[in-house]
Amino acid sequence: MYPTINETKLLIKELVSIPSPSGNTKEVIQFVKNLLDDLGVTTKTNRKGGLIATVPGKDNAHHRMLTAHVDTLGAMVKEIKPNGRLKLDLIGGFRYNATEGEYCTIETAQGTTYTGTILMHQTSVHVYKDAGSAERNQENMEVRIDAKVENDQDVRALGMEVGDFVSFDPRVELTDNGFIKSRHLDDKASVAMLIQLLRRIKEENITLPYTTHFLISNNEEIGYGGNSNISPETVEYLAVDMGAMGDGQRTDEYTVSICAKDGSGPYHYGLRKQLVHLCETNNIPYKVDIYPYYASDASAAIHAGHDVIHGLIGPGIDASHAYERTHEESLLQTEKLLFNYVQSALVE
């Protein structure tokens, strides 16, 4: 029986609740591996720490690869300040203003965790005249640790040091009317959909037309999660990531977004037309769009020199790289397109 949209949403909730900033993704990769092992899906872990699942198809001479990334934005401790607070260095492409007031977790090299809050140094309006106007940047923002510390020696006594990973509280919420609000929907929503697709393939005993690989990549936010471990037989490479929303964009929270071009350049025209055709023939609501400041694991593969046909689709995500939101309708339409895509013919 096909996994329900509620099951997909609950899986997203589980995934976003596992801290996994780029560079520290072992726990969430193991979580996904355990799920796929239970389904009887063959997997292997590459040296970069990503996970590759393979489903044999009728044609083993021509392969497909689908990818979604499980790494998220995050931070590292840049400096332990004399006042006992932490200066951060960001992981991934986002802005400090998107983190202000956020709860976070600091993980020491020994595996101990401490909670904290990301704040402006000049937060108190009763003390700082420029509390509202001061720039939100590395110099002004800091982590207030939930521990009794007054200086850098106290912090180091807890085991904290430069290079410790900092993850952000996802604040995940599933609303009664179908919205999913959370950090890290980019791209754990798509990871959940690939897991659900694999579950359906296994439970319904579907034989795919081509051997198909599913890469759960773990370095996309820093640019190179999906640029390797692509078999020479791979013809098509489809990244499943978020659809970017904002002024001038067609993408919304209720349809599947098909990317025509992003900051890396155009995606393969033939594959884009094939994806549109699949939507139109299967009554799947869709939007074709351009994401101006964006790149994907598929474009990383092209830049690395792989000779593949590349594409990009995903659910529409509002407020990307901040406190994100989508709707179950967008997830549902993306799942439908994925299901039809893996059973379709290769682009000629």
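These figures come from a predicted structure and were not determined experimentally. (Residues numbered from 1 in each chain as written. Predicted model: local features only at pLDDT ≥ 70, side-chain atom pairs only at ≥ 80, totals over all residues. Heavy atoms only, no water.)

(A) Geometry of the overall build of the chain. Scanning the chain for helices and strands turns up 7 helices and 19 strands. Over its C-alpha trace the chain gives a radius of gyration of 21 Å, about what one expects of a compact globule, namely 20 Å for 348 residues. If you line up the chain on its principal axes, its C-alpha atoms span 65 × 40 × 40 Å. Burial status across the chain gives 55% buried among its 348 residues. Working note: accessible area of the chain is about 15,100 Å², and carbon and sulfur atoms make up 48% of it. For the chain, the separation between the mean place of its 33 positive charges and that of its 48 negative charges on side chains is 1 Å. (Helix = DSSP H or I, 4+ residues; strand = E, 2+ residues; numbered from the N terminus. Rg over C-alpha atoms; globule rule 2.2 N^0.38 Å. Buried < 20%, exposed > 50% of the residue type's maximum accessible area, 1.4 Å probe, protein only. Areas by Shrake-Rupley, 256 points an atom, 1.4 Å probe, with all protein chains shown as cover. Lys, Arg positive; Asp, Glu negative; His and termini not counted. Charge placed at Lys NZ, Arg CZ, Asp CG, Glu CD.)

(B) Inspection of the packing of aromatic side chains at higher detail. Considering all chains together, one arrives at 3 aromatic pairs under this definition. Both rings, one in Phe-179 and one in Tyr-254, keep their centres 6.3 Å apart while their planes meet at 70°; by these two values the pair is edge-to-face. In this pair, Phe-179 sits in strand E11 (residues 179–182) while Tyr-254 sits in the loop between strand E14 (243–244) and strand E15 (256–262), placing the two residues 75 residues apart along the sequence. By relative accessible area, Phe-179 is classed as buried at 13%. Consider the rings of Tyr-291 and Tyr-294, whose centres lie 4.8 Å apart with planes at 50°: the pair is tilted. Here Tyr-291 and Tyr-294 have matching classes, each one buried. Note that Arg-64 overlies the ring of Tyr-341, its terminal NZ or CZ placed 4.3 Å from the centroid. (Phe/Tyr/Trp six-rings, centres within 6.5 Å; stacked < 30°, edge-to-face > 60°. Lys NZ or Arg CZ within 6 Å of the ring centre and 35° of its normal.)

(C) Local environment of the nonpolar core. Counting residues in each nonpolar core, the largest one holds 70 residues, and the members touching the most others are Leu-36, Phe-214, Ile-313, Leu-337 and Leu-338. Tallying contributions element by element places helix H4 (residues 185–203) first for this core, with 10 residues. Discounting residues that sit within four places of it in the chain, Leu-338 has contacts with Leu-66, Met-193, Leu-194, Leu-197, Leu-238, Val-240 and Ile-313. In this structure, Leu-73, Phe-94, Met-141 and Val-149 belong to the second largest nonpolar core, which totals 24 residues. (Core = buried A, V, L, I, M, F, W, Y, C linked by side-chain atoms within 4.5 Å. Contact = heavy atoms within 4.5 Å.)

(D) Inspection of the environment of Thr-175 at higher detail. As for its placement among the helices and strands, Thr-175 is situated in the loop between strand E10 (173–174) and E11. Each C-alpha atom, one on Thr-175 and one on Gln-196, is 21 Å from the other, the two residues being 21 residues apart in sequence. Among the polar contacts listed, one links the side chain of Thr-175 to the backbone nitrogen of Phe-179, at a separation of 2.9 Å. (Polar contact = N/O pair within 3.5 Å; in protein donor to acceptor, adjacent residues only side chain to side chain.)

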